[in-house]
Amino acid sequence: MAELVILDGRVAPPRGTFTQGRTPPSLHLLGGDRPLAFVVKGSLLFGLEPKAFASIQDNPTAQEELVNSLRTRHRNISTVPPVPLSAPNSISLNIAQSCNLSCSYCYAEEGRFGGRASMMSLETAFAAIDRLFAEAVGQRVTVGFIGGEPFLNREVLYASVEHAIVRSHETGSPVGFSVTTNGTLLTASDLDLLRRHSFVVSVSLDGGADTNDRHRKSFNGKSGFQAAIRSLQPLLQNPGKVRIVARCTITREDLRVLNRIDALADAGFSEIGVSPLRTSPKPGLVLQDDDWPILLDEMVRAAGSEKERLRSGLALRFSNLAIALKQLHAGYSKPLPCGAAASYVSVSTRGEYFTCHRTIDNPRFKIGNEAFGLSQEKREQFLRSRHVDRQEPCRSCWARYLCGGGCHAEVLAAGRSGCDYIRGWLEYCLRFYDQALSEFPSLFGEGEIAS
Amino acid sequence: MIPKIFPRNLTARAATLVAGNPVTTRLESGVGNCFPGLEFDHRNLDRRFFPGLVFEFTATGARLVRVDSSDPDLESEPALKKALSGKTGKSLAEGAWFIQQITQGGTSIVMKQDGDDLDAMTSWRLVRCLQPGKVTIQLKRRPVTAGENVSQQPITLSANRRNYLDAQTGVISTAFAPGELTQSLCSPWMHDFRDCACFYWASNHPDIVLAEDPPGEPTLPSGAPQDPLLALTPIDWLRGDRSSTKPAGTTEADNRRAQMDHYEINLRWQDLAIVLQGREISSVYQPRQPEKANPLASPDALAARLADLAKLEHAVALEYLYARYSLKNPDDVADRDLKDALTFAQHEIFLVAVSEMRHLRWANQLIWSLEHAGLLSTKIGPSLGIADQIPVASDPSRPPQLPPIKGVKTRPPQLMPLLPVVLQDFIAVEQPSGFLDGQYSQVLATLREQQYPPTLEQLAARIIADGMEHFSRFRQVQVVLKNRKPTDYLRSETFPPAPAGNTDGDAALNTYKQILTELEEAYANGDMEDASHIAAARTLMFQLDSQARKLAAHEQGVPFFPAVTLNKKRKKR
């Protein structure tokens, strides 16, 4: 891939290094048969005639002119997060800090987050829900259930849903629900609850039985895959208004992607996403520097197979790709990687607030307690410190507003790795998007695009 | 050099500036009026009808204003080019030359009538009538100042009349400089509009508008001011005092005196406000965010909800109608201000009642449309019942003499005169983002789902938008009646429904029931073309109106349903 990173006219230093004080790049050029120019602030993507591309390729003034000629409303992206920060409209309740599986790589360490197993009480759950509705006035809110395995605390899960619906009616704020589960404990009545309330269900499964059960085992060594598929079967066959997504964790022991997607699609999933392991109680499973180029190849191979599916009129299954395409189309541009501590927070079994479900019971990420709720100051402080423009190497990276700087929990625990992998994947997605926009405009709700 | 770039994603498309004039300035987006032509003045074409010469059509004829030897069309006229760049050109460059005679195809026209020079319009029209092809003109110098030597002989020139457009491409001849075709337009257009003879204007234009919400004033979710006077008072758009919110007069002559004059318009046309949705706006328009709500589970659930909503609309329509007839007849009062206030209040309340009737119809239309789309598993509707509870916005200051609010926030339907407390209650019912609004938001959220025909969503959105006005209208009525005693404007403070057995009351009730029967027939099939039942219902409504007026004269209302009377005990407390 002919690759050229332009930093306001200067050729970028070798990847992975950065120089303090350098002007952040404002434009990223991608050569090739269909040359592209990506404007960093506001994520504006342009196709260029090869001649036009050649004329600006080595011409910093022309590049500057191009960027300055655009009427983008995103020039002030650096002022995010807005002050005052509004209340979150989304919470996850860690209703069960315990799990029936003992997956080797789990960040939550069998849901206990390095502590003792515990369950959230009804009072704690209700208090968090009440606070969410009271503060997110007039907004649509989301209540998520997470663990551990949330279905180990079924009573609180059911009651919380009912409670949230009552609050929703009283306040007029519509409510949506989500749950992250290993899928092994779901009963018919659970499926009914999920259907009735149009849950978004995220199921942790790593692929087919062999791949999955390598790390995802129950304490008695039984197959987690079979147990999950058995109990999810009716939902997979007839999801109704439930959106059900499989999420695979990729360890360095097996970097393949496509076979996981195929296996889970065979099992009935229509949305499958993957996520590489960056931190783990078992460091041997975490991806190392050598692994990232291989993973990138695997990701590209999986996406290539999706392109063939699109050509035969089939739907996208690979959610990493689908989400990237959707975000690139809309011009997604954010200086943070996710909504953690801003629009989204997580509540521990003890009712304490943390930046997200990954950072439960980690004092560094604690942003509130049950008695006083969220600390505005702590949230703002956290978000300010995490802004991509305030840290290197992000500040000098063209992909900073697409990537957002990487998962807070992972970066603060283990530093950044695999930045080249992320940039490589984003470049691939930019080209994929450019091509898909012409070839499959209906994917973006559009007719023919003149190009 | 502008490199060829193509915006791809949405942010790129939104950010790209296209070179050239904005689309609104192009001929194809014009309004096509030719008086004299809003986009360009085609008289300007004829100023250059003769290659190498530029004329002006003046009050004393077609005067030569310039010899243009760089005219590209002279290339095909070598003899003319030679003459204009030689002695002839030199002569023409000095003094005032006018066209004296034009000859084409054996016909010559002298530019005089009864010894007088032709005026601008006539001389232009003669030039306008020339065909492409050979034309000969005779130019004669006239004295400009007394004693000026104009003894020169007339100059005769021949050439082909200019082809204004390229026959192949339609492109206007490059002899015309940028701006030349528009140079004589009345500009700005407001200047022209002020004197528009017939008030016909080929494109939308503001005349009477609603005032903008002053900065810092609270607004309703629709963007309209919360102050009911500001929300609904029409003002004159061309008013000279831009800060004035004085109501517009009822005739053009009334408004004329306070309007900007032409000179003022030319100086500060930019102060005239942009008008959106009938209201002046000075900041960037922010479209109203669609309210978020949870969609209903199924088309059947939606239809059931709509059936309930129809009953609500029906109940409040009757309540408003009832209250409207409790007002005195404006013809029976002497006080001019009270007369105006009554006329206004009756009119506004009637408008809201009619609007509720329209909602009743729309809710039924939504139901029958769902049915026609094959989305319902059982037949629901027509829904022409009356709700047994009316939701009201929570109001801690709810007067105790009104029927108590049951359950969450509802009360039974009421037939009451327009007492201040009753009007306050109507306002609570129509409160934006109150119960009714919320219910329709949910209907809207449901109709946005893919399985529903897109037109239905628009219909539901209209009901929501319409509800906003009700709130403002009632509040305006409240302002108008504010400093008056109820006895001044009400026929009676009790205004009870006519008791059973009362001939007039029974007759009115019978008419009302017949109206419902006709509507039921019309809505049953949902046939938009079923004019006969609708027409019959409409005729009966006029009959009901006269029956209601007759009852009102006896201080009684139409007994639409069993009334809940004022709670006197609580009133005394």
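Residues numbered from 1 in each chain as written. Chains lettered and ligands numbered in written order. Predicted model: local features only at pLDDT ≥ 70, side-chain atom pairs only at ≥ 80, totals over all residues.

**A look at the overall build of chain B**
Rules: A run of DSSP states H or I qualifies as a helix once it reaches four residues; a run of E qualifies as a strand once it reaches two. Both are numbered from the N-terminal end. As a rule, residues whose C-beta atom has 12 or fewer other C-beta atoms within 10 Å are exposed, those with 20 or more are buried, and those in between are partly exposed; C-beta atoms are placed from the backbone. It is the C-beta atoms, placed from the backbone, that decide contacts: two residues are in contact if theirs lie within 7 Å.
Scanning chain B for helices and strands turns up 18 helices and 15 strands. For chain B, buried positions account for 32% of its 573 residues. Partitioning the intrachain contacts of chain B with sequence separation of at least 6 by distance along the chain shows that 69% fall at a separation of at least 24.

**Quick word on the interface of chain B and chain A**
What counts is decided by this rule: In this count, Pro and Cys sit with the nonpolar residues alongside Ala, Val, Leu, Ile, Met, Phe, Trp and Tyr, while Asp, Glu, Lys and Arg are called charged and the others, Gly among them, polar.
Opposite the 17 residues of chain B that make contact, chain A presents 27 residues. Of all elements in the fold, only β1 (5-7) and α1 (10-15) of chain B reach the threshold of two or more residues within the side of chain B that touches chain A. Considering every element that reaches the side of chain B that touches chain A, the biggest residue donor is α1 of chain B, with four residues. Split into classes, the residues belonging to the side of chain B that touches chain A amount to nine nonpolar, five polar and three charged.

**So, the packing of helix α3 (residues 122-135) of chain A against helix α4 (residues 154-171) of chain A**
Pairs of packed helices are described in terms of their axes, by the angle between the two and the distance that separates them. Residue and element names in this part refer to chain A. Selection rule: Axes here refer to lines fitted to C-alpha atoms; in helices the fit is confined to the stretch in contact. Angles between the N-to-C directions go from 0 to 180 degrees. The scheme is simple: roughly parallel for angles under 35 degrees, roughly antiparallel for over 145, roughly perpendicular for 65 to 115, oblique for anything else. Each crossing gets its handedness from the near helix: less than a right angle anticlockwise from the far helix is left-handed, clockwise is right-handed.
At a minimum axis distance of 10 Å, the contact between α3 and α4 shows a crossing angle of 25°. Taken as axis vectors, α3 and α4 run roughly parallel relative to one another. Judged by the sense of rotation from one axis to the other, the crossing of α3 with α4 is right-handed. Along its contact with α3, which presents L122, A125, F126, I129, D130 and F133, the element α4 presents V156, A159, S160, H163, A164, R167 and T171.

**Things to note about the confidence of the model for chain B**
Residues and elements named next belong to chain B. What counts, and what does not: Per-residue confidence from the predictor is reported as pLDDT, a score between 0 and 100.
Of the residues in chain B, 83% have a pLDDT of 70 or more, and the chain-wide mean is 83. Ignoring residues within four places in sequence, the model shows residues 32-37, a span with pLDDT below 50, making six contacts including any to other chains. The ipTM value of the predicted complex is 0.83, and its pTM value is 0.52.

**Thoughts on the pairing of strand β7 (residues 90-97) of chain A**
All names here are of chain A. In plain terms, the rule: Criterion used throughout: strands pair if DSSP finds at least two bridges between them.
For β7, the tally of buried residues reaches eight of eight residues, placing the bulk of the element in the interior. The pairing of β7 with strand β9 (residues 141-147) spans six bridges and is parallel. Along β9, the bridge assignment pairs L93 with F145. Both β7 and strand β14 (residues 344-347) contribute to a ladder of four bridges, which runs parallel. Within the sheet, the bridge partner assigned to L93 lies in β14 and is V347. Where β7 meets strand β8 (residues 118-119), two bridges bridge the pair, whose relative direction is antiparallel. Paired with A96 across the bridge in β8 is M119.

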